[in-house]
Amino acid sequence: MKVVLLSGSNVGSKTRITMNHAKKSWQEKYPDHDVSLIDLKEYNVEFSDGRNFLDYTGDTAFVIQTIMAADILLIGSPVFQASIPASLKNIFDLLPQNAFREKTVAIFMTAGSPKHFLVAEYQLKPILSYMKANIVPSIVFVDEVDFFKSEINNDDTLMRIETLVSDTFVFAQSYQEFLKNREESFDF
Amino acid sequence: MENKNFVPTIDQTKGLEMGIYSLGDHIANPHTGKRISTQQRIQEFVEMAKLSEQAGLDVFVLGESHQDYFASQAHAVILSAIAQATEKIKISSGATIISTSDPVRVFENFSTVDLLSNGRVEVVAGRASRVGLFDLLGYDLRDYEELFEEKFELLLQINREEYVTWEGQFRKPLKNAHVIPRPLNGHLPIWRAVGGSPASSARAGKLGVPMYMAHLGGTASVFKRYIDIYREAASTYGFDTKKLPVSTAGFFYVAETSQQAMKEYYPHVNEGMKLTNGQGFPKQAFAQSQDKHSILNVGSPQQIIEKILYQHEMFDNQRYIAQLDFGGVPFENIMKNIEILGNTIMPAVKKYTKK
């Protein structure tokens, strides 16, 4: 399966650190998967202007086409002003309406305060549902205090990342099975 | 209010007008993985028009597209070849992307093809669903809507007036400019293409121009809304909606049985959509074509007759055009489809839709 991890912020480091852990965990568990990590900080992504996603060029085209080609998407997002960052929302705006059809999507949130725990539920999940994602219900929420230097140093948080990674795989696997069964139910 | 636009009169005593259209796509046949040459594909457009005429269809329509997997960039030139190769059938663009062309030039081209074809030409102007042509032809995508509206209105004005005085934002003013040649009947029928934007249907109605409505998938009732919006707007602005024709356009594929039709056509639509639009056509949505209420005209001849009649009853459209070559359909199947459409489906549909 094609797995893409998206670090959804163009500033800071905590979301990227979280996604590094998730990536390492995925590669250890499922070494034969094609895994890539996109850190929006490293790309010059344009603002969406409503055109078909195939009509963008350069970094923008690379980022959205990599996402479109994924079977599994792990989204990492910080919380800015009680919401997801503009850089991540812009990715959603760049993509077509049904972009996550037939994709399994998991969420990793980072935030400066546990007050933001429900941001993923109220703001991110509705967008993902609208775009037809198969959403893994549990998310990982990483508080700022869990970070030390360029790592997460809270065992509980690390364990939850491990759990979400394996859950996402099982979700994706059963979803693929569902898609296959549905496909086979048609006689053409 | 008197409609100053030249609106085509469709003789409804002969029933629903029918034809075919191609977007000009040039895609490998997904069943074999083979793609014919660009030259062969362009020649296919001309052959399709000839076959459509032989099958008695009313109209052949070809669209303009400027990205990969298309071969109809110079659609007016191809339509000109079709004008020479045919004698009776109406020839139309569908759509001409007026936003990225000079309306004077578009009018000159199509008037010329009209004279060559002895007065058989129509123009359908659209806004483009893919937008690579803005960069290619030197326009700014930020002007997407304004470019279309301004240039479309200029095209309509040139069609009404031989000497044009005009001023706008996107080209130099015209001062009593003589735009020639004039078409055989003085004017060209000019339609507006609408692809699923209610605002665009409303604009077509406000201007009192006839509308082409493209439909990809979903139920017919979804598309009824666009037609209602169009007629409401037209009537609000004082136009007689009975005199404003509506044409519908969508996927079509006929085979002996519905299962054969779906089996043959699905890979074309699915792969074709992936390459031209970025995402495939969900099998589940395609399977719904077996329901009478679905807008996809895919199935056996009898099924399709019933669907077109059902759609006509709902839409009260004056023309229907079928897209039966999308996604690398091999030419022998295109031929078979045109033949069944012309010989079996059209007579039955016309019989029940005569007014």
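Described in the following lines is the structure provided in the data block.

Cut-offs used in this document
- Residues numbered from 1 in each chain as written.
- Chains lettered and ligands numbered in written order.
- Predicted model: local features only at pLDDT ≥ 70, side-chain atom pairs only at ≥ 80, totals over all residues.
- Helix = DSSP H or I, 4+ residues; strand = E, 2+ residues; numbered from the N terminus.
- Rg over C-alpha atoms; globule rule 2.2 N^0.38 Å.
- Buried ≥ 20, exposed ≤ 12 C-beta atoms within 10 Å, placed from the backbone.
- Contact = placed C-beta atoms within 7 Å.
- Nonpolar A, V, L, I, M, F, W, Y, C, P; charged D, E, K, R; others polar.
- Axes fitted to C-alpha atoms, helices over the stretch in contact; angles between N-to-C directions.
- Left-handed = near helix turned anticlockwise from the far one by under 90°.
- Core = buried A, V, L, I, M, F, W, Y, C linked by C-beta atoms within 7 Å.
- Arc of directions from axis to C-beta.
- Pairing = 2+ DSSP bridges.
- Right-handed = clockwise from strand over helix to strand, strands pointing away.
- Expected span 1.5 Å × (residues − 1).

Comments concerning the overall build of chain B
So, step 1. What chain B contains, in helices and strands, is 11 helices and 12 strands.
So, step 2. The C-alpha radius of gyration of chain B comes to 19 Å, within 12% of the 20 Å expected for a compact globule of 355 residues.
So, step 3. With respect to the three principal axes, the spread of C-alpha positions in chain B is 60 × 45 × 40 Å.
So, step 4. Here chain B holds 355 residues, and 49% of them are scored as buried.
So, step 5. By sequence separation, contacts in chain B at least 24 residues apart represent 75% of the contacts at least 6 residues apart.

Remarks on the overall build of chain A
So, step 1. The secondary structure content of chain A amounts to 5 helices and 8 strands.
So, step 2. Start at the N end of chain A and walk to the C end: the helices and strands fall as β-α-β-α-β-α-β-α-β-β-β-β-α.
So, step 3. Considering only C-alpha atoms, chain A reaches an extent of 55 × 35 × 30 Å along its principal axes.
So, step 4. Every one of the 188 residues in chain A was classed for burial, and the buried ones make up 37%.
So, step 5. Of the contacts made within chain A by residues no fewer than 6 positions apart, 79% connect residues no fewer than 24 positions apart.

Some words on the interface of chain A and chain B
So, step 1. Chain A puts 14 residues into the contact, and the matching count from chain B is 15 residues.
So, step 2. Grouping the constituent residues of the side of chain A that touches chain B by class yields 6 nonpolar, 2 polar and 6 charged.

Structural notes on unusual backbone geometry
All names here are of chain B.
So, step 1. That bond from G94 to A95 is cis: its omega, 5 degrees, falls within 30 degrees of zero.
So, step 2. With respect to the helices, strands and loops of the structure, A95 is situated in the loop between β3 (90–93) and β4 (96–97).
So, step 3. P181 follows I180 through a cis peptide bond whose omega is 0 degrees.
So, step 4. Secondary-structure assignment places P181 in the loop between β7 (174–178) and β8 (190–194).

Section: the packing of helix α6 (residues 198–207) of chain B against helix α7 (residues 220–236) of chain B
All names here are of chain B.
So, step 1. Two numbers describe how α6 lies on α7: the axes approach to 7 Å, and their chain directions differ by 35 degrees. Seen from above, α6 lies across α7 with right-handed handedness. Judged by residue contacts, P198, S201, A202, A204, G205 and K206 of α6 engage Y226, I229, Y230, R231, E232, A233 and A234 from α7.
So, step 2. Within the contact of α6 with α7, the residues separate by chemical class into 8 nonpolar, 2 polar and 3 charged.

Re the environment of B:P267
Residue and element names in this part refer to chain B.
So, step 1. By the secondary structure assignment, P267 is in helix α8 (residues 258–277).
So, step 2. A count of 18 C-beta atoms within 10 Å places P267 in the partly exposed class.
So, step 3. Along the backbone, P267 and K175 are 92 residues apart, and their C-alpha atoms lie at a distance of 53 Å.
So, step 4. Apart from residues lying up to four places away in sequence, P267 is in contact with P30 and H31.

Things to note about the nonpolar core
So, step 1. Of all hydrophobic cores here, the largest spans 97 residues; its most connected members are B:L155 and B:M213.
So, step 2. Apart from residues lying up to four places away in sequence, B:L155 is in contact with B:I98, B:P103, B:V106, B:F107, B:A125 and B:I190.

Describing the environment of B:A255
All names here are of chain B.
So, step 1. Topologically, A255 is positioned in the loop between β10 (246–254) and α8.
So, step 2. In this structure the C-alpha to C-alpha distance between A255 and G299, which are 44 residues apart in sequence, comes to 6.3 Å.
So, step 3. Look past the residues within four positions of A255 in its chain and what remains in contact with it is Q260, A261 and E264.

Describing helix α2 (residues 75–85) of chain B
Residue and element names in this part refer to chain B.
So, step 1. The set of residues buried in α2 consists of H75, A76, I78, L79, I82 and A83. The buried residues of α2 occupy an angular sector of 155 degrees when the element is viewed end-on, so they sit on one face.
So, step 2. Of the surrounding elements, those touching the buried residues of α2 are α1 (38–54), β2 (59–62), β3 and α3 (103–116).

Comments concerning the pairing of strand β1 (residues 2–7) of chain A
All names here are of chain A.
So, step 1. Across the 6 residues of β1, 5 count as buried, placing the element largely inside the fold.
So, step 2. The pairing of β1 with strand β2 (residues 34–39) spans 6 bridges and is classified as parallel. Bridging across to β2, S7 finds its partner in D39.
So, step 3. With helix α1 (residues 14–29) bridging β1 and its parallel neighbour β2, the resulting β-α-β unit is right-handed.
So, step 4. By the bridge criterion, 5 bridges tie β1 to strand β3 (residues 72–77) in an arrangement that is parallel. Across the sheet, the residue bridging to L5 is L74, located in β3.

A short note on helix α5 (residues 144–160) of chain B
So, step 1. The terminal C-alpha atoms of α5(B) lie 25 Å apart, and with 17 residues this matches the ideal 24 Å at 1.5 Å per residue to within 8%.
So, step 2. Taken residue by residue, α5(B) has B:L147, B:F148, B:K151, B:F152, B:L154, B:L155, B:L156, B:I158 and B:N159 as its buried positions.

Looking at the pairing of β8(B)
Strand residues, when the strand is regular, have side chains that alternate between the two faces of the sheet.
All names here are of chain B.
So, step 1. When you tally the buried positions in β8, you get 5 out of 5 residues, the bulk of the element.
So, step 2. Of the two faces of β8, both are covered, the one formed by I190, R192 and V194 as well as the one formed by W191 and A193.
So, step 3. Across 3 bridges, the pairing between strand β5 (residues 121–126) and β8 is parallel. Within β8, the position partnered with A125 by the bridge is R192.
So, step 4. Relative to strand β9 (residues 211–215), β8 is paired through 3 bridges, and the arrangement is parallel. Bridge assignment links A193 to a residue of β9, and that residue is Y212.
So, step 5. Between the parallel elements β8 and β9, the chain passes through α6 in a crossover that is right-handed.

Some words on the packing of α7(B) against helix α10 (residues 301–315) of chain B
Residue and element names in this part refer to chain B.
So, step 1. With their axes 10 Å apart at the nearest point, α7 and α10 run at an angle of 35 degrees to one another. The two elements α7 and α10 meet at a crossing, and its hand is right-handed. Note on element contacts: α10 touches α7 through Y310, Q311, M314 and F315, opposite A220, K224 and I227.

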